[in-house]
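The residues making up each chain are set out below.
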Amino acid sequence: MIDPRLHVLRVVAARGTVTAAAHDLSYTPSAVSHQLRGLARDLGVTLLEPDGRGVRLTVAARILLERSDELYARWEEIHAEVAEADPEPGSTLRLCGFSTAAAALLPSVAARVRADHSHSTVRIIEADPTECFDLLLADQADLAVVVAVPGLPSTTDARFEQESVLEDPLDLLVPADHPLAHRSSVSLREVADDPWILDRPGSTFHNLTQAACAAAGFSPFVAHEAVEWETGAALVDAGLGVSLVPRLARLPGGYQIIRVPLRGDPTPARHIRSSIRRGSRRQPVIVTALTALAEAAQRSASMPRPVD
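Below is a short write-up of the structure. As the structure is a computational prediction, the values presented were derived from the model and not from experiment.

**Some details on the nonpolar core**
Ranked by internal contacts, the top residues of the largest apolar core, which has 27 residues, are Leu-93, Leu-95, Leu-105, Val-145 and Ile-272. Counting only elements with at least two residues in this core, the list comes to strand E3 (92–97), helix H5 (99–104), helix H6 (106–116), strand E5 (143–147), strand E6 (160–175), strand E11 (269–277) and helix H10 (284–302). When residues of this core are assigned to their parent elements, the largest contribution, 8 residues, is made by H10.

**A look at the side chain of Thr-209**
With respect to the element layout, Thr-209 can be found in helix H8 (residues 204–215). By relative accessible area, Thr-209 is classed as buried at 3%. Excluding residues within four positions of it along the chain, Thr-209 makes contact with Trp-196, Leu-198 and Leu-244.

**Overview of the side chain of Arg-273**
Positionally, Arg-273 belongs in strand E11. Here Arg-273 is buried and forms no salt bridge, its nearest opposite-charge partner Asp-157 lying at an N-O distance of 8.9 Å. Reaching out from Arg-273, the side chain makes a polar contact with the side chain of Gln-162 at a distance of 2.4 Å. Excluding anything up to four places from it in sequence, Arg-273 contacts Phe-133, Ala-144, Val-145, Val-146, Ala-148, Leu-152, Pro-153, Thr-155, Gln-162, Glu-163, Ser-164 and Val-165.

**Regarding the environment of Leu-244**
Looking at where Leu-244 falls in the secondary structure, it is placed in strand E9 (residues 243–246). Every residue in contact with Leu-244, bar those within four places of it in the chain, is listed here: Leu-170, Asp-171, Leu-172, Leu-188, Trp-196, Phe-205, Thr-209, Ala-212, Trp-229 and Leu-262.

Here is what the cut-offs are and how they apply
Residues numbered from 1 in each chain as written. Predicted model: local features only at pLDDT ≥ 70, side-chain atom pairs only at ≥ 80, totals over all residues. Heavy atoms only, no water. Core = buried A, V, L, I, M, F, W, Y, C linked by side-chain atoms within 4.5 Å. Buried < 20%, exposed > 50% of the residue type's maximum accessible area, 1.4 Å probe, protein only. Helix = DSSP H or I, 4+ residues; strand = E, 2+ residues; numbered from the N terminus. Contact = heavy atoms within 4.5 Å. Lys, Arg positive; Asp, Glu negative; His and termini not counted. Salt bridge = Lys/Arg side-chain N within 4 Å of Asp/Glu carboxyl O. Polar contact = N/O pair within 3.5 Å; in protein donor to acceptor, adjacent residues only side chain to side chain.

As structure tokens, then:
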């Protein structure tokens, strides 16, 4: 068994503060500090140094963490081998993903796992992409579905195994009486002068919309901010602006709004990928979940543009 204090150090290193790590691990900050002091004392080295409101890793701590990545990957492989040898006993699979994935992809994954592993329990957690990786590292989730955005662990990060799941195109959302409403496709440049409805600044989708508009050669005039898809749909229905909406997103009915496919080089899209802890791929429930996720993504990609 791996010293659990090493797991605590990994989470503190990833989160940058004892308080944040304690939240992820469901510990108190004093318990986290106590475990790290004990680990440092047993190793005879200093592991952390104060750095403003956070902590800084010492050279010894960085060496320890680098080697621990190999150790934890091997432990996940052993766990998978044991589970393969006796797959019937119940286990728990924890899925996490951003809002659209949690609605459009993860329910069918959970249903497939429950059908194929009748003694297992499945839990879905809606979380933003950064939090999904925190949950994986803290062993609070087993499979994450995220949008590729700046600041996430790279695909070469030794702690995780990541792979592409789906390219989710963005559609232009306009009122039914908009001049572009009945076009087969449009370019973003054609709505450069329209008022825009965006998510709140700093959010993943706000940044994605801004990047798509910048690639089209303009900066959108943000007339309104809306976090929920229904709020955005209502504002577009009222003629207060246009917005972008992912193809996967299902909007509420009752609004006179039209999705218009975008064209461009490249066509604006969200890049969706999955992540698991390195070494865990062969666990039977994760094998089933990854297969079901790929099938759900394939079905979504082949579906016609939804009519709202």
